Amino acid sequence: MTLKFDIQPSPNATSDKDRAAKLVDPGFGRVFTDHMAIVRYSQGKGWHSARVEARANFPLDPAGAVLHYAQEIFEGLKAYKRDDGGVNLFRPDANARRFRDSAERMAMAPLPDEVFIEAVEQLVRIDRAWIPGGEGSLYLRPFMIASEIFLGVKPSAEYIFSVIASPVGSYFKGGPAPVSIWVSENYTRAAIGGTGGVKCGGNYAASLRAQAEAIERGCDQVVFLDAVERRYIEELGGMNIFFAFEDGSLSTPPLGTILPGITRDSIIALAKDAGTRVREEPYTIQQWRTDAASGKLKEAFACGTAAVISPIGKVCSASGDFQISGGVAGPVAMGLRKQLVDIQYGRTNDPHNWIRNVA
């Protein structure tokens, strides 16, 4: 399915001077571009009214379904400025597939992959001047909400799909620094048969109390254990996790109750390209503590779209704290991070054809 987007440039676009000032230090998710893409859905009509227009508030009725029954999903990906001035998208097809899978799990109308990608590309084209140089990028947030006006527990018959964009600087000032994480023993993120494997807002809302607990304990992030035995590592509040061992192998928790991260999948592919043995298997918090103490575990790192790869230096819990490899960033994490970032910015070979150029 293809839709023709009606392009309506904003009559009040940000001036070059004001945009340049905002791009000096945009932070993350605080500054937004001039436009947004929108496509609407209704039963009987399907997806329609595709357009790119000035970024503005949505008119939402107080009985809008998303406000009461939380039918909402989203994605996150980035556009990168190449040294030659061109623009790269990294694996937008994978984001489109995951978005469709999330919609099906949440009983929402699945958006065709080609419409997802076209919406993203059209927004990047009209707002490409907002892409920072250097290690900055344009963070793209596609999302869908249920918009039917009713009260009653059933799937909505109407939806709004939209894409907004936010210029972001380098996630780490002065390079990636190891983070400390808190092991949540009071809260869980997902259970078998739940929504842990899809990207819906409710998953993140459920993680906020545990994340606040981590901050209260002086940690940067929280890591969740499984909901059944409370022993197995699952993922951080918004990132997947990897473990690097002295025999050169990598391990990461298996899919099922965790998000199938695109950065996670990319790391697995690049590691296998290099001949690294990668295991997707359960790993307990006790084993993590034991392996860190014995030296069998050399590194641990989290991964996701925003930070790419973030080394983990310290693990804190009610049972005591422990460090990993002296609390410093290790060569495995940093090597994979450089390889991935170089592909994203077009600085090196793209062995898997992950890059999509935006004309």
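Every value quoted in this text rests on a predicted model; they were computed, and no experiment measured them.

Participant: Is there a simple way to explain the overall build of the protein chain in this structure?
Facilitator: Counting its regular elements, the protein chain contains eight helices and 18 strands. By the compact-globule yardstick of 21 Å for 359 residues, the protein chain fits well, its C-alpha radius of gyration being 21 Å. The principal-axis extents of the C-alpha atoms in the protein chain amount to approximately 60 × 50 × 35 Å. A total of about 15600 Å² of accessible surface is found on the protein chain, and carbon and sulfur atoms cover 50% of it. Computing the positive centroid from 40 side-chain charges and the negative centroid from 41, the protein chain places the two 2 Å apart.

Participant: Please explain the packing of aromatic side chains as it appears in this structure.
Facilitator: Following the criterion strictly, the structure yields 16 aromatic pairs and no others. Ring geometry for phenylalanine 245 versus tyrosine 283: centroids 5.8 Å apart, planes at 85°, classification edge-to-face. In this pair, phenylalanine 245 is assigned in strand β12 (residues 240–245) and tyrosine 283 in the loop between β14 (278–280) and α7 (285–294), connecting sequence segments 38 residues apart. Here phenylalanine 245 falls in the buried class, since its relative accessible area comes to 7%. Ring pairs connect the aromatic residues Phe243, Phe245, Tyr283, Trp288 and Phe322, which therefore count as one cluster. One cation-aromatic arrangement involves arginine 19 over tryptophan 130; the distance from NZ or CZ to the ring centre is 6.0 Å.

Participant: Got a minute to help me understand the pattern of salt bridges in this structure?
Facilitator: Pairing between side chains becomes possible if they bear opposite charge and their charged atoms approach one another. Per the stated rule, a full pass over the model turns up 20 salt bridges. Here arginine 279 makes a salt bridge to glutamate 281, at a shortest N to O gap of 2.9 Å.

Participant: What is the right way to look at unusual backbone geometry in this model?
Facilitator: Trans is the common state for peptide bonds, and a negative phi is the common state for residues other than glycine. We note that arginine 91 has phi near 55°; this positive angle belongs to a residue other than glycine. Tracing the backbone through its elements, the reader meets arginine 91 in the loop between β6 (87–90) and α3 (92–105). Phi is positive for asparagine 353, which is not a glycine, with a value near 55°. Structurally, asparagine 353 is set in the loop between α8 (331–344) and β18 (355–358).

Participant: I would appreciate a short explanation of the packing of helix α6 (residues 262–273) against α8 in the present structure.
Facilitator: The description of two helices packed together rests on the angle between their axes and the distance between the axes. Across the interface, α6 lies against α8 with an axial gap of 11 Å and an inter-helix angle of 110°. With respect to α8, the axis of α6 lies roughly perpendicular. Together, Thr263, Ser266, Ile267, Leu270 and Ala271 of α6 and Leu336, Gln339, Leu340 and Ile343 of α8 make up the contact between the two elements. A per-class count over the contact of α6 with α8 returns six nonpolar, three polar and no charged.

What counts, and where the lines are drawn
- Residues numbered from 1 in each chain as written.
- Predicted model: local features only at pLDDT ≥ 70, side-chain atom pairs only at ≥ 80, totals over all residues.
- Heavy atoms only, no water.
- Helix = DSSP H or I, 4+ residues; strand = E, 2+ residues; numbered from the N terminus.
- Rg over C-alpha atoms; globule rule 2.2 N^0.38 Å.
- Areas by Shrake-Rupley, 256 points an atom, 1.4 Å probe, with all protein chains shown as cover.
- Lys, Arg positive; Asp, Glu negative; His and termini not counted.
- Charge placed at Lys NZ, Arg CZ, Asp CG, Glu CD.
- Phe/Tyr/Trp six-rings, centres within 6.5 Å; stacked < 30°, edge-to-face > 60°.
- Buried < 20%, exposed > 50% of the residue type's maximum accessible area, 1.4 Å probe, protein only.
- Lys NZ or Arg CZ within 6 Å of the ring centre and 35° of its normal.
- Salt bridge = Lys/Arg side-chain N within 4 Å of Asp/Glu carboxyl O.
- Axes fitted to C-alpha atoms, helices over the stretch in contact; angles between N-to-C directions.
- Parallel < 35°, antiparallel > 145°, perpendicular 65-115°, else oblique.
- Contact = heavy atoms within 4.5 Å.
- Nonpolar A, V, L, I, M, F, W, Y, C, P; charged D, E, K, R; others polar.

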